[in-house]
Amino acid sequence: MLEKLKIRNISKKNDTITRTIRISGTTFDKITKLAEKNQLSFNSVINQIIEYGLENIEN
């Protein structure tokens with residue numbers, strides 16, 4: 001069983017790339033609430049979710 005993702009307050013990196021993605025309204029709302037609850041930016045939460053997924057993906 002996978003360990004649950006823990007949202008952390010991490011330092012920002014300067015090596016970012018701007019990219020447009022489409023997500024459902026429901027998912028957007030969930031991420032927004034999570035960001036607000038943890039006093040983080042939407043982008044910080046998105047990046048943590050993506051990193052967690054990449055680290056735990058089965059090839």
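The preceding data block contains the structure.
Because the structure is a prediction, the values reported are computed rather than measured.

It is not clear to me how a nonpolar patch on the surface should be interpreted in this structure. Could you clarify?
On the surface, I21, I23 and F28 cluster together into a nonpolar patch covering about 280 Å² of accessible area. Relative to the elements of secondary structure, I23 occurs in the segment before α1 (25-37).

Is there a simple way to think about the layout of surface pockets in this case?
Over the atoms, a rolled probe matching the size of one water molecule traces out where space is still vacant. Here the largest pocket defines a volume of roughly 1100 Å³. Lining the largest pocket are 28 residues, and of these N43, S44, I46, N47 and Q48 lie nearest its centre. A breakdown of the residues in the lining of the largest pocket according to their chemical character gives 11 nonpolar, 10 polar and seven charged.

How should I be thinking about the environment of R8 in this particular structure?
For R8, the location among the structural elements is in the segment before α1. The class of R8 is partly exposed, set by a relative accessible area of 49%. Sequence-distant contacts of R8, that is, excluding residues within four places in its chain, are made with L40 and Q48.

Conventions used here
Residues numbered from 1 in each chain as written. Predicted model: local features only at pLDDT ≥ 70, side-chain atom pairs only at ≥ 80, totals over all residues. Heavy atoms only, no water. Patch = residues over 30% accessible without salt bridge, like charges linked within 9 Å, V, L, I, M, F, W, Y side chains within 5 Å. Areas by Shrake-Rupley, 256 points an atom, 1.4 Å probe, with all protein chains shown as cover. Salt bridge = Lys/Arg side-chain N within 4 Å of Asp/Glu carboxyl O. Helix = DSSP H or I, 4+ residues; strand = E, 2+ residues; numbered from the N terminus. 1 Å grid on protein atoms, 1.4 Å probe; cavity = no way out; pocket = protein on both sides within 12 Å on 5 of 7 lines; lining within 4 Å. Points joined across faces, edges and corners; volume = space filled by probe spheres on them. Nonpolar A, V, L, I, M, F, W, Y, C, P; charged D, E, K, R; others polar. Buried < 20%, exposed > 50% of the residue type's maximum accessible area, 1.4 Å probe, protein only. Contact = heavy atoms within 4.5 Å.

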